[in-house]
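If you want the building blocks of each chain, they are given just below.
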Amino acid sequence: MSWIEDYPPNNEIENKIVLLLVMHGYKKEDIHFRNSSDNKRYLRYGYWGYVDYDALSYAGNHANVYFDTIMIDDEDWGNGYYYNYKIKGE
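Not measured: the values here are computed from a predicted model.

Visitor: Describe the overall build of the chain, naming the residues involved and giving the relevant values.
Guide: Each helix and strand in the chain was counted, giving 3 helices and 4 strands. Tracing the chain from N to C terminus, the helices and strands come up as α-α-β-β-α-β-β. Over its C-alpha trace the chain gives a radius of gyration of 12 Å, about what one expects of a compact globule, namely 12 Å for 90 residues. When the backbone C-alpha atoms are referred to their principal axes, the chain occupies close to 35 × 30 × 25 Å. Each of the 90 residues in the chain was classed as buried or not, and the buried ones make up 38%. Counted over contacts in the chain with a minimum sequence separation of 6, partners at least 24 positions apart contribute 51%. One way to put it: in the chain the 9 positive side-chain charges average out to a point 7 Å from where the 15 negative ones average out.

Put into structure tokens, the structure is as follows:
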């Protein structure tokens, strides 16, 4: 199983984000979306992997969303990242 199979995109915007990140060289099977504790959706790449600013900016501009990069620090495995997104105008 891949990340995207376990946690697939669930709307048109998330599908577009996947396509745009793949166009920037990211592996489709590692892109996935999850629900936060307050039931908002966020993007992850692999196991808390980093997505560079240019790719996020490109995806955000073309999918009409804003991304907020959240870094978490774990003493066992170091820095991890996830990306809250919000639809522009909402």
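Right, picking up where we left off after that structure.
Visitor: I'd like a rundown of the nonpolar core, residues and numbers included.
Guide: Ranked by internal contacts, the top residues of the largest apolar core, which has 20 residues, are I17, L21, I31, L43, V51 and F67. Those elements giving two or more residues to this core turn out to be α2 (12-23), β1 (31-35), β2 (41-45), α3 (53-63), β3 (65-74) and β4 (78-87).

Visitor: Help me get a handle on the pattern of salt bridges, residues and values and all.
Guide: As enumerated under the stated definition, the model contains 1 salt bridge in all. One salt bridge connects E14 with R41, and the closest N-O pair in it is separated by 2.8 Å. Of this pair, E14 sits in helix α2 while R41 sits in strand β2; the two residues are 27 residues apart in sequence, bridging distant segments of the chain. Take E14 and R41: they sit in the same class, and that class is buried.

Visitor: Give a detailed account of unusual backbone geometry, specifying residues and quantitative values.
Guide: Positive phi values are uncommon outside glycine, yet W48 reaches one of about 65°. W48 sits in the buried class, given a relative accessible area of 17%.

Visitor: So, α3: which residues are in play, and what are the values?
Guide: Those residues of α3 that sit buried are A55, L56, A59, G60 and A63. An end-on view of α3 places all buried positions within 125° of arc, on one side of the element. Of the exposed residues in α3, the ones pointing more than 90 degrees away from its buried face are Y53, D54 and N61. Where α3 is buried, its residues touch α2, β2, β3 and β4.

Visitor: Go over the side chain of R44 with me, naming the residues and quoting the values.
Guide: Secondary-structure assignment places R44 in strand β2. In contact with R44, other than residues within four places in its own chain, are W3, D30, I31, H32, R34, Y81 and Y82.

Procedures and definitions
- Residues numbered from 1 in each chain as written.
- Predicted model: local features only at pLDDT ≥ 70, side-chain atom pairs only at ≥ 80, totals over all residues.
- Heavy atoms only, no water.
- Helix = DSSP H or I, 4+ residues; strand = E, 2+ residues; numbered from the N terminus.
- Rg over C-alpha atoms; globule rule 2.2 N^0.38 Å.
- Buried < 20%, exposed > 50% of the residue type's maximum accessible area, 1.4 Å probe, protein only.
- Contact = heavy atoms within 4.5 Å.
- Lys, Arg positive; Asp, Glu negative; His and termini not counted.
- Charge placed at Lys NZ, Arg CZ, Asp CG, Glu CD.
- Core = buried A, V, L, I, M, F, W, Y, C linked by side-chain atoms within 4.5 Å.
- Salt bridge = Lys/Arg side-chain N within 4 Å of Asp/Glu carboxyl O.
- Arc of directions from axis to C-beta.

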